[in-house]
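# An overview of the molecular structure
Chain by chain, the residues:
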Amino acid sequence: KDYPAEQQTWDHLKKDVVDFKPDMVVISTTTPTIKDDIKTCQIVKEINPNIIMVAKGAHVTIEDEKIMKDFPQLDIVIRRESEITIKEIVTKPLSEVLGITYRMNGSLMKNQERPFLKNLDELPFPARDLVRNELYIRPDTGQPQTTIQSQRGCPARCIYCLVGAVSGYTINFRSPESVVAEI
């Protein structure tokens, strides 16, 4: 659920957690929203401290250890790309999941980095049927919009950008057939 896009409040989040009873919640973080992102963790843990809180995004990729030390409500940080990692978090022991920082018996553990995914065609298409697509409107035209990602990574090493740290400094492409199939 995209609470900001749906203009939902913290009370809506609380109700959803109580009604849905998740075992794990994954939040996508950014530097400007990190405080609200962590507030989500706090609210969820107040409802059920056994829910596993996972964060992904550029900010937590770079600041994983600091974020984990500062915010005990967070159980796992995914560094870099997240799709395969999320699946493995629920199917493997955490010690075997590449690219995560997590808590184990009161200590912070930091596993080896996950290699960047070279063949992006391995990823499934986004489950757009689970998203309220009508909420995403172009501000200039008022028309619906979506994003289709055809590549990851960037060879530039701009000092202000985290794309290389999150997706690598080599560009990895999807095949034209995959992009057309998603369209």
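As the structure is a prediction and not an experimental result, all values here were calculated from the model.

As a further point, take the overall build of the protein chain. The helix and strand inventory of the protein chain stands at seven helices and seven strands. The C-alpha atoms of the protein chain give 17 Å as radius of gyration, which agrees with the globular expectation for 183 residues (16 Å, within 12%). Burial analysis of the protein chain (183 residues in total) assigns 34% to the buried set. For the protein chain, the share of sequence-separated contacts (at least 6 apart) that also reach a separation of at least 24 residues comes to 53%. A total of about 11700 Å² of accessible surface is found on the protein chain, and carbon and sulfur atoms cover 56% of it.

The subject of this paragraph is the sheet that holds strand β5 (residues 107-110). Strands sit in the order β1-β2-β3-β4-β5 across an open sheet of five strands; the sheet is mixed. Strands at the two margins of the open sheet, each flanked by one partner only, are β1 (24-28) and β5. This sheet shows a mean twist of 20 degrees between the axes of neighbouring strands, independent of strand direction. Bridge analysis of strand β4 (residues 100-104) against β5 gives four bridges, and the strand direction is antiparallel. Residue Arg 103 lies in a different strand from β5, and its bridge partner there is Leu 108.

We note that Gln 7 has phi near 55 degrees; this positive angle belongs to a residue other than glycine. Residue Gln 7 is classed as exposed on the basis of its relative accessible area, which comes to 70%.

Residue placement: Thr 101 occurs in strand β4. Polar contacts involving the side chain of Thr 101 include one to the side chain of Arg 79, which spans 2.8 Å. When sequence neighbours within four positions are dropped, the list of residues in contact with Thr 101 reads Asp 64, Met 68, Asp 75, Ile 76, Val 77, Arg 79, Met 109 and Lys 110.

So, about the pairing of β1. Side chains of β1 alternate between two faces, with Val 25 and Ile 27 buried and Met 24, Val 26 and Ser 28 left unburied. As for the winding sense of the linkage, the β-α-β connection from β1 through helix α2 (residues 34-47) to strand β2 (residues 52-56) is right-handed.

This part is about α2. Because an α-helix packs 3.6 residues into every turn, residues spaced three or four apart end up facing the same way. If you check α2, its first and last C-alpha atoms are 20 Å apart, about what 14 residues at 1.5 Å a residue would give, namely 20 Å. Along α2, the residues that are buried comprise Ile 34, Asp 37, Ile 38, Thr 40, Cys 41, Ile 43, Val 44 and Lys 45. Turning to α2, the residues buried within the fold contact α1 (10-20), β1, β2, α3 (58-62) and α4 (64-70).

Throughout the structure, instances matching the rule amount to zero aromatic pairs. The positively charged end of Arg 157 is found above the aromatic ring belonging to Tyr 169, 3.8 Å away from the centroid.

Within soluble globular proteins, side chains that are nonpolar generally end up buried alongside one another. Among the nonpolar cores identified, the biggest contains 18 residues, and Met 53 and Leu 74 are the most heavily contacted of them. Sort the elements by how many residues they give to this core and α2 lands first, with five residues. If near-sequence neighbours (up to four positions away) are discounted, Met 53 is found in contact with Val 25, Ile 27, Cys 41, Val 44, Lys 45, Gln 73, Leu 74, Asp 75 and Ile 76. Ile 78, Val 97, Ile 100 and Tyr 102 belong to the second largest nonpolar core, which has seven residues in total.

Among the secondary structure elements, Ile 43 is positioned in helix α2. For Ile 43, a relative accessible area of 6% translates into the label buried. For Ile 43 and Leu 13, which are 30 residues apart along the polypeptide, the C-alpha to C-alpha distance reads 8.2 Å. Excluding its chain neighbours within four sequence positions, the residues that come into contact with Ile 43 are Trp 10, Leu 13 and Lys 14.

Right, let's get into α1. Taking the backbone nitrogen of Asp 11 as reference, a side-chain oxygen 3.2 Å away marks Thr 9 as the first, capping residue of α1. The first or second residue beyond α1 is Lys 21, which carries a positive phi of 55 degrees.

The rules behind these values
- Residues numbered from 1 in each chain as written.
- Predicted model: local features only at pLDDT ≥ 70, side-chain atom pairs only at ≥ 80, totals over all residues.
- Heavy atoms only, no water.
- Helix = DSSP H or I, 4+ residues; strand = E, 2+ residues; numbered from the N terminus.
- Rg over C-alpha atoms; globule rule 2.2 N^0.38 Å.
- Buried < 20%, exposed > 50% of the residue type's maximum accessible area, 1.4 Å probe, protein only.
- Contact = heavy atoms within 4.5 Å.
- Areas by Shrake-Rupley, 256 points an atom, 1.4 Å probe, with all protein chains shown as cover.
- Pairing = 2+ DSSP bridges.
- Axes fitted to C-alpha atoms, helices over the stretch in contact; angles between N-to-C directions.
- Polar contact = N/O pair within 3.5 Å; in protein donor to acceptor, adjacent residues only side chain to side chain.
- Right-handed = clockwise from strand over helix to strand, strands pointing away.
- Expected span 1.5 Å × (residues − 1).
- Phe/Tyr/Trp six-rings, centres within 6.5 Å; stacked < 30°, edge-to-face > 60°.
- Lys NZ or Arg CZ within 6 Å of the ring centre and 35° of its normal.
- Core = buried A, V, L, I, M, F, W, Y, C linked by side-chain atoms within 4.5 Å.

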